[in-house]
Amino acid sequence: MTPTAATPPSLPADLVRRGVALRAIRPEDQPVLRDLYGQFRAEEMAFAPWSAAQKAMFLDDQFRLQHHHFVTHHPRADFWLIERAAPPSAPVAVGRLYLDRTTPLWRVLDVGLATAERGRGTGSGLLTWVQNSASAAGADGVDLHVVLTNVRARSLYERLGFAVDGAPVGHHQRMVWRAEPALRGVS
Ligand SMILES: CC(C)(COP(=O)(O)OP(=O)(O)OC[C@H]1O[C@@H](n2cnc3c(N)ncnc32)[C@H](O)[C@@H]1OP(=O)(O)O)[C@@H](O)C(=O)NCCC(=O)NCCS
C-alpha cells in the first residue's frame, strides 16, 4: 500500500505515558484507514444531499485518490498509523500522521484522529513533537494545508505557531511554522 518501512522515531514521554504510539501503515490497514478517513469527513458529509450508499461510494473514491496522490507525490514520506494502547488487547488505531521529512521545510501531509480521540491533547502533542523534531534535525520548519472551512484545526495550528502563508489555493490554506534559527540542530 505504501513505501513506509522504517521504525518511527520515539515519541515524547507524555504521549508514551498516555499509550500513544506510531507505526508505519501496512497493506492490511487499508480498511481501518478508510474508516478513519470517513470519520475525518463525517461533519462535512452530514450536509451532503446523498444517500448513505452514495456517501460511502464517494468516500471510498476520495480515500483511494488521496492515498494515490500522497504516495505518488511524496514517495519517501512517513505514513504512520497513530495507535493507543488498550491492554490486555492489542493497540487500537486512533488516527494517522503522514509526514514528509525529506524537504528543508517538513510537510505534515495529514494529521487526523478518530472522533473519540479528539480534544484530548493527542493532536497538539504530536504536532509539537513534529515541530521539535524538525528544529532538532535542522529543518527550516514545518508546513501543512488546512481546508478553509476547518476553523477549529486552523485555530489549533495558529496556537502552535503556524501562520497563514499566501492566498488560499482551491479549498486549502497553506500554513507555515518556521523553526527558530538559533535552535536548529539542537535536540
Ligand atoms: C485537528 C486534530 C488533529 C487535532 O487533534 P486533537 O487531539 O483533537 O487536538 P487537541 O486535543 O490537542 O487540541 C484541541 C484543539 O484541536 C482542535 N479540534 C478539536 N476537535 C476538532 C475537530 N473535530 N476538528 C478540527 N479541529 C478540532 C480545536 O482547535 C481544539 O481546541 P478547542 O477545544 O479550544 O476548540 C483532530 O481534532 C482531528 O483529527 N480532527 C478531524 C480531522 C481534521 O480536522 N484534521 C486536520 C486536517 S488539516
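Heads up: these notes are all about the structure in this document.

Procedures and definitions
- Residues numbered from 1 in each chain as written.
- Predicted model: local features only at pLDDT ≥ 70, side-chain atom pairs only at ≥ 80, totals over all residues.
- Core = buried A, V, L, I, M, F, W, Y, C linked by C-beta atoms within 7 Å.
- Buried ≥ 20, exposed ≤ 12 C-beta atoms within 10 Å, placed from the backbone.
- Helix = DSSP H or I, 4+ residues; strand = E, 2+ residues; numbered from the N terminus.
- Contact = placed C-beta atoms within 7 Å.
- Near = placed C-beta within 6 Å.
- Pairing = 2+ DSSP bridges.
- Axes fitted to C-alpha atoms, helices over the stretch in contact; angles between N-to-C directions.

Remarks on the nonpolar core
Side chains that are nonpolar tend, in soluble globular proteins, to be buried together.
Next up, step 1: Counting residues in each nonpolar core, the largest one holds 35 residues, and the members touching the most others are Ile82, Leu97, Leu99 and Val130.
Next up, step 2: Only strand S1 (20–24), helix H2 (30–40), strand S2 (78–86), strand S3 (89–100), strand S4 (105–113), helix H5 (122–136), strand S5 (141–147) and strand S7 (172–178) provide two or more residues apiece to this core.
Next up, step 3: Once residues within four sequence positions are removed from consideration, leucine 99 is found in contact with Ala77, Asp78, Trp106, Val108, Leu109 and Val130.

Examining the site of the ligand
Next up, step 1: Surrounding the ligand, one finds 17 residues, the nearest of these being Arg118, Gly123, Ser124, Arg152 and Leu156.
Next up, step 2: Of all the secondary structure elements, the ones that give two or more residues to the shell around the ligand are S4, H5 and helix H6 (151–159).
Next up, step 3: Ranked by residues supplied to the shell around the ligand, first place goes to H6 with 4 residues.

Let's talk about the sheet that holds S7
Next up, step 1: Spatial strand order, S1-S2-S3-S4-S5-S7-S6: 7 strands in an open sheet with mixed pairing. Edge positions in the sheet fall to S1 and strand S6 (163–164), since each has one partner strand and no second.
Next up, step 2: Strands S3 and S4 of the sheet are contacted by H2, whose axis makes an angle of about 70° with S3.

Quick word on the environment of tryptophan 129
Next up, step 1: Its location among the elements puts tryptophan 129 in helix H5.
Next up, step 2: When the 19 C-beta atoms within 10 Å are taken as the criterion, tryptophan 129 is described as partly exposed.
Next up, step 3: The sequence separation of tryptophan 129 and proline 12 amounts to 117 residues, and the corresponding C-alpha distance is 7.0 Å.
Next up, step 4: Ignoring anything within four residues of it in the chain, the contact list for tryptophan 129 reads Leu11, Pro12 and Leu15.

Examining the pairing of S2
Next up, step 1: Pairing geometry for S1 and S2, over 5 bridges, is antiparallel. By the bridge assignment for S2, alanine 21 is matched with glutamate 83.
Next up, step 2: The pairing of S2 with S3 spans 8 bridges and is classified as antiparallel. Across the sheet, glutamate 83 pairs through a bridge with alanine 93, a residue of S3.

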